[in-house]
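Below are the chains, spelled out letter by letter.
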Amino acid sequence: VNPLTGEANYPKELIGNRSVLVSVENHPQARPQWGITSADIVWEMVAEGGITRMLCMFADASRLPDKIGPTRSARHYFVEIAEGFDSIFVHFGGSPQGYNAIKSHGTSHIDGMSDSGFHRDNSRNVATEHTAYTTKADVVKNIDSKGFRKTAESGKDKPFTFNTKTVALPDGKCTSVTIPFSGEYTYKYTYDKKNNVYLSSLNGKSFMDDNGTQQNFTNIIIVYATVTPLNDGKARVTYDLSSGSGIYVSNGTYQKITWKKGDYTDIMKFYDNSGKELSLNPGRSYIALVPASNQGQTKIS
């Protein structure tokens, strides 16, 4: 099965390979993004000034789309996610803290500031920083030319536990969930019973990719984490990713959970309230790292 989705018919030759994590921006001028609805997992978190950024995660480089972006810069907590999953990290530039993290941990990364394989799409008449993208072929070429290890570290090749079939969650029904990242970025995921997925809307508008596909997931995982300002004059923030509480939504139902990451290079794990590792329903997942201060604004109905 796919180690990030639990879905069957995953190519056997890809089992055990490292995942790829691509930094994709979510500024209004970056929308609609390219390739985001093909990711096995989408992580989302605040980057600066309340603006969020996505980390599109693919179980193998060969699963990337032909075009993904707009690619944007690294943050140190993006690197922490990548290190936890032993992912190859793709980005375009970075904050000083992001570059320091990459250097200190020897992160396998591909950077649009120094590596080939990044392009500009100027068809939208927006600022240059919102135009960069890369492709599957370019990422694969960079991995080969840089000589990156392709096999995942032991224990990180199968990061999640999955149910053999879709199950209901124990804490009640959930036909919609509102996820408040900041005053300017509030998502609502609405349950599509026919397809057993949650459809994404941002600030009241359907969240679509460049191909006109609405972002949708089988699993919604909300991670509440302490977020504090860096006070660097850039409105950047930092996340405490040690441990905390959260919510898991799937199959028209939900349950309260806890999560733990621990050290910088540890993998993030999810648990039910009895302390048992969470078993996910097979399918694509959205993992929202929401400021703990906004926890009270989450709405489940």
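Located above this text is the structure these notes cover.
Residues numbered from 1 in each chain as written. Predicted model: local features only at pLDDT ≥ 70, side-chain atom pairs only at ≥ 80, totals over all residues. Heavy atoms only, no water.

Asker: How do you make sense of the nonpolar core when you look at a structure like this?
Answerer: Inside soluble globular proteins, nonpolar side chains tend to come together where they are buried. Judged by nonpolar contacts, the single largest core of 82 residues is most densely connected at Trp-43, Ile-179, Ile-220, Phe-270 and Tyr-286. Of the residues forming this core, the biggest block, six residues, is contributed by strand β14 (residues 219-229). For Phe-270, the contacting residues outside a window of four places in its chain are Phe-160, Ile-221, Val-223, Ile-257, Thr-258, Trp-259, Lys-276, Glu-277, Leu-278 and Ile-287. (Core = buried A, V, L, I, M, F, W, Y, C linked by side-chain atoms within 4.5 Å. Buried < 20%, exposed > 50% of the residue type's maximum accessible area, 1.4 Å probe, protein only. Helix = DSSP H or I, 4+ residues; strand = E, 2+ residues; numbered from the N terminus. Contact = heavy atoms within 4.5 Å.)

Asker: Honestly, unusual backbone geometry in this entry has me stumped. Any pointers?
Answerer: Note on backbone geometry: most residues besides glycine have negative phi, and most peptide bonds are trans. Going from Arg-31 to Pro-32, the amide bond is cis rather than trans, its omega being -10°. The backbone phi angle of Asn-196 is positive, close to 55°, even though this residue is not glycine. Relative to the assigned elements, Asn-196 resides in the loop between β10 (185-192) and β11 (197-202). You will see that Asn-231, though not glycine, has its phi angle at about 55°, which is positive. Residue placement: Asn-231 occurs in the loop between β14 and β15 (237-240).

Asker: What's the story with the packing of aromatic side chains in this structure? I'm lost.
Answerer: Centre distance and the angle of the planes are the two values used to describe a pair of aromatic rings. Overall, the coordinates contain 16 aromatic pairs when judged by the stated rule. Relative to Phe-207, the ring of Tyr-187 lies with its centre 5.7 Å away and its plane at 80°, an arrangement referred to as edge-to-face. Taken together, the positions of Tyr-187 in strand β10 and Phe-207 in the loop between β12 (205-206) and β13 (216-217) put the pair 20 residues apart, joining distant regions of the chain. Of the two residues, Tyr-187 and Phe-207, both sit in the buried class. Arranged with centres 5.3 Å apart and planes meeting at 35°, the rings of Phe-217 and Tyr-286 form a pair that is tilted. Here Tyr-286 lies in strand β20 (residues 285-291) and Phe-217 lies in strand β13, a separation of 69 residues in the sequence. By relative accessible area, which is 1% here, Tyr-286 ends up buried. (Phe/Tyr/Trp six-rings, centres within 6.5 Å; stacked < 30°, edge-to-face > 60°.)

Asker: Please explain the pattern of salt bridges as it appears in this structure.
Answerer: Tallying each qualifying case throughout the model produces 15 salt bridges. Here Arg-72 ties to Glu-25 by a salt bridge, and the two come within 2.8 Å at their closest N and O atoms. With a gap of 47 residues between them, Arg-72 in the loop between β3 (51-58) and α1 (76-84) and Glu-25 in strand β1 (residues 20-25) connect regions that are remote in the sequence. Two residues, Asp-40 and Arg-63, come together in a salt bridge whose shortest N-O distance is 2.9 Å. With a gap of 23 residues between them, Asp-40 in the loop between β1 and β2 (41-48) and Arg-63 in the loop between β3 and α1 connect regions that are remote in the sequence. Taking the relative accessible area as the measure of exposure, Arg-63 reaches 31% and is therefore partly exposed. What emerges from the salt-bridge pattern is a single network uniting Arg-18, Asp-86, Arg-149, Glu-153 and Lys-156. (Salt bridge = Lys/Arg side-chain N within 4 Å of Asp/Glu carboxyl O.)

Asker: How should the pairing of β10 be read in this particular structure?
Answerer: Relative to β10, strand β9 (residues 176-182) runs antiparallel, the two being bridged by six bridges. Bridging across to β10, Ser-182 finds its partner in Tyr-185. Counting the residues between successive antiparallel strands, the hairpin from β9 to β10 contains two residues. Across six bridges, the pairing between β10 and β11 is antiparallel. Counterpart to Tyr-187 in the pairing with β11 is Leu-202. (Pairing = 2+ DSSP bridges.)

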